[in-house]
Number of protein chains: 2
Amino acid sequence: MIDLLIEKIKKMNAPIVVGLDPMMTFIPEQIKKKAFAEHGETLAGAGEAVFAFNKAIIDHIHDLTPAVKPQIAMYEQFGTEGVKAFAKTVSYCKEKGLIVIGDIKRNDIGSSSEAYAIGHLGKVKVGANYFSPFEEDFVTVNPYLGSDGIKPFIDVAKAEKKGLFILVKTSNPSSGEFQDRLLFEGRTENSKPLYELVAKKVVEWGDDHIGQYGYSYVGAVVGATYPEQGKRLREIMPKVFILVPGYGAQGGKASALAHFFNPDGLGAIINSSRGIIAAYQEEKYAHFGAEGFAEASREAVIAMTEDIRRSVG
Amino acid sequence: MIDLLIEKIKKMNAPIVVGLDPMMTFIPEQIKKKAFAEHGETLAGAGEAVFAFNKAIIDHIHDLTPAVKPQIAMYEQFGTEGVKAFAKTVSYCKEKGLIVIGDIKRNDIGSSSEAYAIGHLGKVKVGANYFSPFEEDFVTVNPYLGSDGIKPFIDVAKAEKKGLFILVKTSNPSSGEFQDRLLFEGRTENSKPLYELVAKKVVEWGDDHIGQYGYSYVGAVVGATYPEQGKRLREIMPKVFILVPGYGAQGGKASALAHFFNPDGLGAIINSSRGIIAAYQEEKYAHFGAEGFAEASREAVIAMTEDIRRSVG
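Cut-offs used in this document
Residues numbered from 1 in each chain as written. Chains lettered and ligands numbered in written order. Predicted model: local features only at pLDDT ≥ 70, side-chain atom pairs only at ≥ 80, totals over all residues. Heavy atoms only, no water. Helix = DSSP H or I, 4+ residues; strand = E, 2+ residues; numbered from the N terminus. Rg over C-alpha atoms; globule rule 2.2 N^0.38 Å. Buried < 20%, exposed > 50% of the residue type's maximum accessible area, 1.4 Å probe, protein only. Contact = heavy atoms within 4.5 Å. Areas by Shrake-Rupley, 256 points an atom, 1.4 Å probe, with all protein chains shown as cover. Lys, Arg positive; Asp, Glu negative; His and termini not counted. Charge placed at Lys NZ, Arg CZ, Asp CG, Glu CD. Pairing = 2+ DSSP bridges. Axes fitted to C-alpha atoms, helices over the stretch in contact; angles between N-to-C directions. 1 Å grid on protein atoms, 1.4 Å probe; cavity = no way out; pocket = protein on both sides within 12 Å on 5 of 7 lines; lining within 4 Å. Points joined across faces, edges and corners; volume = space filled by probe spheres on them. Nonpolar A, V, L, I, M, F, W, Y, C, P; charged D, E, K, R; others polar. Salt bridge = Lys/Arg side-chain N within 4 Å of Asp/Glu carboxyl O.

Asks: Which residues make up the overall build of chain A, and what are the values?
Replies: On a plain count of helices and strands, chain A comes out with twelve helices and twelve strands. Its C-alpha atoms give chain A a radius of gyration of 19 Å, near enough to 20 Å, the size a compact globule of 313 residues would have. If one aligns the C-alpha atoms of chain A with their principal axes, the spans along those axes are about 65 × 55 × 35 Å. The 313 residues of chain A split such that 62% are buried. For chain A, restricting intrachain contacts to residue pairs at least 6 apart in sequence, the fraction spanning at least 24 positions comes to 72%. In the form shown here, chain A has an accessible surface area of approximately 11100 Å², with 51% of it arising from carbon and sulfur atoms. Within chain A, one finds 36 positive and 39 negative side-chain charges whose respective centroids are separated by 3 Å.

Asks: I'd like to hear about the sheet that holds strand 6 (residues 138-141) of chain B, residue by residue, with values.
Replies: Hydrogen bonds between backbone atoms are what pair the strands of a sheet, whose relative direction is either parallel or antiparallel. Residue and element names in this part refer to chain B. An order of 1-2-3-6-7-10-11-12 is seen for the eight strands of this closed barrel, with the pairing classed as parallel. Direction aside, neighbouring strands of the sheet carry axes that sit 30° apart on average. With three bridges connecting them, strand 11 (residues 240-244) and strand 12 (residues 268-272) associate as parallel partners. Considered in strand 12, the bridge of Leu243 is made with Ile269. Sitting on the sheet, helix 7 (residues 147-160) touches strand 3 (99-106), strand 6, strand 7 (163-169) and strand 10 (216-222), and the angle it makes with strand 7 is about 150°.

Asks: So what's going on with empty space enclosed by the protein? Residues and values would help.
Replies: Over the atoms a probe the size of a water molecule is rolled, and this reveals where empty space is left. The final tally for this structure, using the stated rule, is one cavity of 30 Å³ or more. The computed volume of the largest cavity comes to approximately 30 Å³. The wall of the largest cavity is formed by A:Ile72, A:Glu76, A:Val83, A:Arg106, A:Phe134, B:Ile72, B:Glu76, B:Val83, B:Arg106 and B:Phe134. Split into classes, the residues belonging to the lining of the largest cavity amount to six nonpolar, no polar and four charged.

Asks: Break down the pattern of salt bridges for me, citing the residues and quoting the values.
Replies: In this structure the tally under the stated criterion is 40 salt bridges over all chains. Here A:Glu38 makes a salt bridge to A:Lys34, at a shortest N to O gap of 3.8 Å. A residue pair is termed a helical-turn pair when its members lie 3 or 4 positions apart in one helix, as A:Glu38 and A:Lys34 do in helix 2 (residues 29-39) at four residues. Across the pair, A:Lys34 and A:Glu38 agree in class, each one exposed. The salt bridge involving A:Glu235 is made with A:Arg232; its shortest N-O contact spans 3.5 Å. Note that A:Glu235 and A:Arg232 are positioned in helix 10 (residues 227-236) at a spacing of three residues, about one turn of the helix. Exposure remark for A:Glu235: the relative accessible area of 54% places this residue in the exposed category. Put simply, A:Lys69, A:Asp103, A:Lys105 and B:Asp108 are held in one network by salt bridges that share partners.

The following block contains the structure:
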């Protein structure tokens, strides 16, 4: 799957992923009105509004982006109906030929970790039948529990030819509270931050899982908001594909993104969520109006891609 | 909610929680047969089997344990139908007066973290209506992203009078890969493991949220498999309630559990999952047979409670 992702990035000349994080405040009134008219102001109504919103955006951008990244929290908040909208969104994206990165940040140990991996990337057995409940191509995973939490995801990803992105250095302001802490290595000059140790483990976990373009399907997440750390992490993890959130709305600048790429022009995929899916709410795209929200998203994808090409090129 | 949990623990003289982690291999054939007869060997059939299994166990143990801890991974592996079974399980447990700790290990930042908190502990707004999709009383949370990931959970827990347990030192063999790493503090003799720093943050996060019995509703998770670390963490976090997994099937011994409690006899709640819900598969309880699985679970809860009372008392 990492090979397919790279092929799509090359073909489109677009190392980007669109985050499908549909907050209710992003969804135009006409979409909500229609969904509520059918299902009432209920959880089912919310799920339908979320899916209809996503569908319109996907229809308008699927030829411009290799991948999408639905953030499951935004769906799970509506309970079972929200999770149903998540599953429908993933299926629809795959029908449209998009690679789907499930931003689920799951983590557990042993059989529980395996259950997450099976549900999201693999097949679950019921009696004599097998089902693929969520069908993502990649998922994000939290590393705090160590190898026991990661290995089941790698095993399932290997069997299913899928992949994962492990949180290394996250984009948020407080990510340094634990991730930046220097580890004691006997001598002052040897001390390194925790995220570097996590990065080294990501390299180790992924080393037997390299695809035909020289990249592992065990990837990493490093925030666009930390370009200096990104530069260092790019060096430590030369064969690791990096998913980079935090561009745009979170303050990450395109000029700092070059650090996340290798000299081959590959190695990173930049995410934008709000900047794309809620583009119509920005002054720059206000002329599209709420009715033209999906067209605004399309324009925003084009602008983002150009911005990144300029900076990386 | 931490006060209610403590009252129930005192009343029952049982600082225990039963983990509802229903692997398909735990569920007796007669339960699966019935569920599959109604729904086929489908994800809906799996969800029904899981719920029916849980329901029988809950009916047999709800008067013996203050709390249950469903592990959402075991439900989520069956997709939307599994998540529906999770929600039904939580609702049924609450009808029976049980406190529900959702073992979800969620983590994210900002609005995504808030979405998880709202969905699991709070109320989500749809149009003019509010809904509580999952209704747990506590959830487990992963701390790797720092305060940005934790604060939204604390805010919702405060508003809803609920609580959380933050992963500090997990029970699995590889938990030390990151959690035990010594942090550089300028001098060798000052270096402390990462889990102690996380523990100090848990104290800080919870300090304004202390209930009437002197415990915070911002709790911690520390594995029974690490009693020495448990002793140290008990000292560092005197007002923090500790959820202790790893007793029984994972190898944690009751004799080592005393360390997790304060002199007041409170401060910890010990979890057992497989040892209770799959008790009928153990030689000791084999005489119950598959038909008597729920009675076997009841006996196992009684035995566990006595074992812990002896060791702690």
